[in-house]
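Analysis of the macromolecular model
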Amino acid sequence: MSTQQTTKAPRSSSIFLSRMQNYWYRQGFVKYIFMLLILGFIFRIITIHALDAGVISLQEKGNKQAAYTVQSKARRGNILDRNNQVLASNLILKKVNLDPTQVQSAFIPKLSQALRMPETELRQAIEKKLAKKAGRKYLLIKKNLRLTDPILDNLKKLKQQKIKICKTKSIKNKLSLFDKALQFIKLNTQQRGHHNPKICQKETIKGVALQSDSQRYYPKSASLAPLLGRINRNRQGVFGIEGEFEPVLAGKNGKTQLNFDQTSVGSYFNPVVINKLKHGQNIVLTIDANVQFYTYEAIKQAVEKHQADSGSAIVLAPNGEILAMVNYPADDPNNKRTYDAQHYRNRVLSDKLEPGSTMKPFTLLLALDKNKITAADNEYIDTSKPIGHIKPDSKYKQMNTRKILQKSHNLGTVNIVERLSKEDLYNTWHKLGFGQPLGLMPSIENSGSLKYFNTWSLADKHALSFGHGPMEANLAQLARSYLVFANAGNLPSLKLIKNTSINETTTRVFSQRSTAKIAQLLDSVVSDEGSGYRAQIKGYNIAGKTGTAEMVVDGVYNKDGAKRTFFVGFVPTQKPKYIMAVRLDYPKKCYTAWDATLKSKCQGSNSAAMAFKDAMKPILATDESI
Amino acid sequence: MFEKTGQYPNKNLLTTILVLIIFGWILSFSASLAHFNSYAYFIKQGFFIILGISIGFSILKIPISFFKKYSVWFFGLSLVLLALVFLPSPIGHEANGSRRWINFVVFKFQPSEMMKLAMILFMAGFLIRQEKQVTNSLKGLGKTLLIVASSAILTMLETDFGATIIITITALSMLFVAGTFIKELIITIATILIAAVVYIWFDSVRSKRLFEFWQTNLWLNDSDKVHQTKQALIGIARGDWSGTGLGAGIQKYTKLPEPHTDMVFAIIGEELGIIGMLFVLFCFTYIIGKGFDIGREALKHGRKYSSYVAFGVCSWFAMQTGVNIAMNLGLMPIKGFTLPLISYGGSSLIFSIIALALILRIDMENRATYNKQQNYV
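Below: a short report on this structure. (Residues numbered from 1 in each chain as written. Chains lettered and ligands numbered in written order. Predicted model: local features only at pLDDT ≥ 70, side-chain atom pairs only at ≥ 80, totals over all residues. Heavy atoms only, no water.)

1. Thoughts on the environment of Leu365(A)
By the element assignment, Leu365(A) lies in helix α13 (residues 360-369). Residues within four places of Leu365(A) in sequence aside, it is in contact with Val484(A), Phe485(A), Phe510(A), Ser514(A), Thr515(A) and Ile518(A). (Helix = DSSP H or I, 4+ residues; strand = E, 2+ residues; numbered from the N terminus. Contact = heavy atoms within 4.5 Å.)

Okay, here's the thing in structure tokens:
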């Protein structure tokens with residue numbers, strides 16, 4: 001206020017001095033405002049570090065944005081067979097990606113030629129993408145191209161071609177400086193005009209990208225599908241070996257954090273490994289791809305010929321290694337369009353069932369071991385009286401053991417089992433591995449059941465002698481029990497993964513003498529007199545046993561006569577090299593031996609035994625050691 | 001033209017200025033490394049520093065009366081150069097969408113930097129010549145505004161917003177110090193402010209654009225406009241107390257645009273930490289504070305012209321450093337303001353050195369013997 005009073009006063013030298021003083025203060029005023037500002041800055045500088053950037057602190061954010069995470073994908077391991085043939089592998093493929101916003105329309109005819117697709121289709125696909133708001137720059141036009149595909153070559157050539165392309169270019173009109181300034185201070189908000197000259201240029205094609213891709217490939221297609229399984233869209237193994245050994249096959253994706261860092265010498269990336277990259281390991285199976293293929297073809301034919309619901313088979317080497325594990329129906333796993341979970345079911349391991357007459361040799365083996373029978377051809381067993389609810393037939397009043405096996409006679413077997421104790425039966429069946437897991441593929445394996453002997457009724461004991469009643473087993477367990485014939489009464493465990501380091505332990509179940517005797521009897525089953533006559537192959541000694549079991553459908557034995565037919569056999573009889581078990585579910589069309597067009601009731605002898613022969617014939621033909 | 005005062009320049013002030021120049025040389029080099037990755041800009045800036053310092057030392061020999069005498073010519077020349085910028089390409093030079101440079105082949109000259117100094121020299125003379133009018137009526141105020149407008153329109157056309165603001169406010173603050181009626185000054189400023197407020201208030205888009213920076217949470221705002229501010233803050237936070245070490249900052253590489261010009265203070269914060277920032281702040285405070293004192297000392301001796309010039313230079317420096325540092329500390333939206341003496345740029349550096357040399361000369365004249373003082377203005 002004093003300022004105004006003094007300034008309005010008349011001018012004199014004394015007043016001039018006082019005015020001087022005022023200017024003095026005014027200069028000081030500006031100076032102190034500046035000093036205050038500096039104090040504010042000092043406060044801000046010191047507190048800036050405590051600021052929060054959204055959720056995290058400012059410093060953390062700084063460190064975070066200086067770091068990059070790099071993912072490296074693990075390679076999936078291959079699956080090989082015992083001879084290192086590839087059963088599942090990764091195929092390097094290419095895919096073609098278009099950027100519809102970049103591809104010049106003048107190039108579309110040439111591009112469609114190169115891609116080997118109709119021009120209209122390509123045009124439509126591009127226009128459809130362009131009409132969308134999101135993902136306009138990404139059009140996957142071809143995928144899963146093999147490296148040898150001619151499309152790749154075409155594209156390479158196309159990319160070198162140049163054609164003249166004319167387009168109108170929108171150029172903004174130049175602004176006068178005055179308008180620019182007006183716009184700068186926001187007085188003029190009028191938009192700039194455009195002019196559109198036509199510009200022609202020679203150009204190469206734009207917006208075509210080739211990208212790498214990989215696909216799981218199964219060279220043996222459907223023959224191994226239920227055993228190997230497949231991978232899903234997320235490249236995780238589902239079903240079979242792929243699913244069971246997923247952690248081993250898939251490996252571990254690597255994750256590395258790159259921290260951008262800088263010293264006075266230079267800038268660099270400081271890598272910190274978060275997850276170490278571990279590629280998937282290869283898995284070598286005991287499977288023999290050739291044996292597998294022949295068996296698969298035979299089972300496939302048998303299922304189609306007999307109109308069975310399904311068929312499965314397993315082939316073992318004498319030391320317990322699985323040479324083939326076949327299931328039908330099966331799909332080609334390379335075909336991603338068809339998918340039916342039932343077709344990836346490994347019936348060999350995951351179905352438990354009553355093995356039927358194929359168990360009879362073991363009843364006789366036990367009786368022979370316990371000296372209840374001699375199994376000599378002159379020892380006759382009375383089959384004229386009924387035992388339990390099993391009634392005698394009019395044809396045979398008494399038979400020797402050879403005949404019992406040849407004709408697969410139930411009453412004869414029951415007669416023999418009458419001489420054995422329940423405990424001995426249970427112990428032997430237990431030693432044969434029934435009701436116990438095989439440990440091959442725990443996630444899908446159904447290890448069946450064997451009830452404890454003190455719960456058995458008499459009828460149970462009778463039924464057990466011909467493979468029904470208190471036991472259920474999967475096909476692999478059944479085939480494994482036949483290994484006693486190849487190992488002189490010893491039983492090795494089954495192996496699916498080729499691994500030499502594990503020490504083999506076998507359990508002795510029967511004596512060498514008894515197994516040799518019964519093997520000889522089984523050899524006569526596959527002769528003109530036996531039920532397995534249709535499994536004979538010229539020039540080879542084959543031993544085996546047919547089996548037919550009532551099928552349990554929905555918890556009860558099927559009234560329509562649904563049968564499950566079996567054949568378990570081994571070649572050659574004296575020193576077996578291949579042990580094979582075949583199973584057909586509900587074959588509906590079977591034929592008599594004397595007329596190939598005459599229909600007959602389906603049994604092990606007229607369905608499964610024939611499949612055995614069809615499979616074994618090419619296997620034996622290619623094996624020079626026998 | 002040349003005249004000796006018989007005094008040496010103030011040692012502390014001179015040392016501080018030289019230290020700050022060398023410090024800026026090294027820091028702007030470190031910041032520019034990411035963009036140019038060569039010594040070219042280091043050498044170029046070195047050349048400007050040598051040129052600026054040699055001009056500065058010659059100015060110490062020239063009495064302030066010389067500048068008073070030729071200030072009108074100086075101002076006129078600046079106006080002409082400002083207008084020359086608009087000539088087509090070989091003479092005028094355009095970069096980043098704005099025309100601010102005259103092409104001298106070897107380097108590009110920015111007349112708006114020269115205008116800042118010319119305006120101060122001219123304004124000081126004008127305020128003394130028109131003292132009666134300035135202190136008496138609105139007429140003086142009107143004349144001042146006319147002078148300011150003549151350069152402001154040109155700088156506005158160059159879309160050099162920073163220079164316009166600095167020149168205008170420096171001129172107005174000099175007017176304030178020269179004893180214009182506070183009432184009238186307030187009325188004028190209030191009128192301009194009200195007009196601006198009305199202009200902005202009734203247009204939500206404009207007001208939003210203007211106040212968006214303070215209204216929204218910086219870290220929830222994803223727009224490009226605040227990206228630079230965010231990165232500057234992150235850089236300063238990375239530095240902490242002692243910094244990552246000279247040349248060891250990483251923000252300048254990809255994240256922070258304009259690291260060697262507008263954002264050099266943030267780079268100092270990252271590489272030299274709070275200590276480095278405080279050092280720069282104290283240097284500027286010392287130089288500017290000392291400058292204000294020299295201006296008042298001159299007024300005490302009755303040498304108004306020198307006093308006004310010293311005050312003008314100081315308020316220019318205060319504003320430019322204040323706005324630049326506020327920008328870097330995330331207190332203001334980013335607009336093109338450089339940090340004097342430190343940011344890369346030839347014209348800005350040379351005229352800053354000249355301006356500081358004037359202050360040193362005024363101080364020397366203040367301390368000269370009474371005989372000599374008679375001739376000084």
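Having seen the structure, we can now continue with the description.
2. Thoughts on empty space enclosed by the protein
By the definition in use, this model includes five cavities of 30 Å³ or more. Space inside the largest cavity adds up to approximately 110 Å³. Looking at the lining of the largest cavity, the elements with two or more residues in it are α1 (11-36), α2 (40-59) and α14 (346-366) of chain B. Here the residues of the lining of the largest cavity sort into 11 nonpolar, one polar and no charged. Roughly 60 Å³ of volume is contained in the second largest cavity. For the second largest cavity, the full set of lining residues is Gln65(A), Ala66(A), Tyr68(A), Phe260(A), Ile250(B), Gln251(B), Thr254(B) and Lys255(B). A class-by-class count of the residues in the lining of the second largest cavity yields four nonpolar, three polar and one charged. (1 Å grid on protein atoms, 1.4 Å probe; cavity = no way out; pocket = protein on both sides within 12 Å on 5 of 7 lines; lining within 4 Å. Points joined across faces, edges and corners; volume = space filled by probe spheres on them. Nonpolar A, V, L, I, M, F, W, Y, C, P; charged D, E, K, R; others polar.)

3. Observations regarding the side chain of Ser151(B)
Residue and element names in this part refer to chain B. With respect to the helices and strands, Ser151 occurs in helix α6 (residues 138-157). Judged by relative accessible area, which is 0%, Ser151 ranks as buried. Once you skip the residues sitting within four places of it in the chain, Ser151 turns out to touch Leu79, Leu82, Met115, Met119 and Ile167. (Buried < 20%, exposed > 50% of the residue type's maximum accessible area, 1.4 Å probe, protein only.)

4. Some remarks on the environment of Phe351(B)
All names here are of chain B. Locating Phe351 in the fold gives a position in helix α14. Exposure remark for Phe351: the relative accessible area of 8% places this residue in the buried category. Distance in space between the C-alpha atoms of Phe351 and Met114 is 6.3 Å, their sequence separation being 237 residues. Residues within four places of Phe351 in sequence aside, it is in contact with Phe109, Glu113, Met114, Leu117 and Trp316.

5. Digging into the packing of helix α12 (residues 264-300) of chain B against α14(B)
Residues and elements named next belong to chain B. Look at α12 against α14: their axes get within 10 Å of each other, and the N-to-C directions meet at 45°. When the interaxial angle is binned, α12 and α14 end up oblique. The two elements α12 and α14 meet at a crossing, and its hand is left-handed. Here Ile287, Gly291, Ile294, Glu297 and Ala298 of α12 lie close against α14, whose contacting residues are Leu356, Ile359, Ile362, Asp363 and Asn366. (Axes fitted to C-alpha atoms, helices over the stretch in contact; angles between N-to-C directions. Parallel < 35°, antiparallel > 145°, perpendicular 65-115°, else oblique. Left-handed = near helix turned anticlockwise from the far one by under 90°.)

6. Quick word on the state of the cysteines
Think of a disulfide as a covalent bridge from one cysteine sulfur atom to another cysteine sulfur atom. Residues and elements named next belong to chain A. For the structure on display, the rule yields one disulfide over all chains. Shown here is the disulfide that connects Cys590 with Cys602, its sulfur atoms set 1.8 Å apart. Its S-S torsion of about 105° marks the bond between Cys590 and Cys602 as right-handed, since a negative value means left-handed. Remark: Cys602 occurs in the loop between β31 (599-600) and α20 (608-622) and Cys590 occurs in strand β30 (residues 590-591); sequence separation between them is 12 residues. (Disulfide = S-S within 2.5 Å.)

7. Overview of a nonpolar patch on the surface
A surface patch of nonpolar side chains, amounting to about 600 Å² of accessible area, comprises Ile194(B), Val197(B), Val198(B), Trp201(B) and Phe202(B). With respect to the helices and strands, Val197(B) occurs in helix α8 (residues 182-201). (Patch = residues over 30% accessible without salt bridge, like charges linked within 9 Å, V, L, I, M, F, W, Y side chains within 5 Å. Areas by Shrake-Rupley, 256 points an atom, 1.4 Å probe, with all protein chains shown as cover. Salt bridge = Lys/Arg side-chain N within 4 Å of Asp/Glu carboxyl O.)

8. Some words on the packing of aromatic side chains
Taken as a whole and assessed by the stated rule, the structure comprises 28 aromatic pairs over all chains. Ring centres 4.4 Å apart and planes at 10° place the aromatic pair Phe75(B) and Phe122(B) in the stacked group. Taken together, the residues span a long stretch of sequence, with Phe75(B) in helix α3 (residues 64-84) and Phe122(B) in helix α4 (residues 111-129) at a distance of 47 residues. Classification of Phe122(B) by relative accessible area gives buried; the value is 9%. Three or more aromatic residues joined by ring pairs make a cluster, and in this case those are Phe362(A), Tyr482(A), Phe485(A), Phe510(A) and Phe570(A). The ring of Tyr217(A) carries the charged tip of Arg146(A) above its face, separated from the ring centre by 5.4 Å. Against the face of Tyr41(B) rests Lys44(B), its NZ or CZ located 5.6 Å from the ring centre. (Phe/Tyr/Trp six-rings, centres within 6.5 Å; stacked < 30°, edge-to-face > 60°. Lys NZ or Arg CZ within 6 Å of the ring centre and 35° of its normal.)

9. Overview of the sheet that holds strand β3 (residues 108-109) of chain B
All names here are of chain B. Strand order in the open sheet formed by three strands is β1-β2-β3, and the pairing between neighbours is antiparallel. Edge positions in the sheet fall to β1 (92-95) and β3, since each of these pairs with one other strand and no more. As defined by bridge partners, β1 adjoins strand β2 (residues 98-103) across four bridges and the pair is classed as antiparallel. Paired with Gly92 across the two strands is Ile102, which belongs to β2. (Pairing = 2+ DSSP bridges.)

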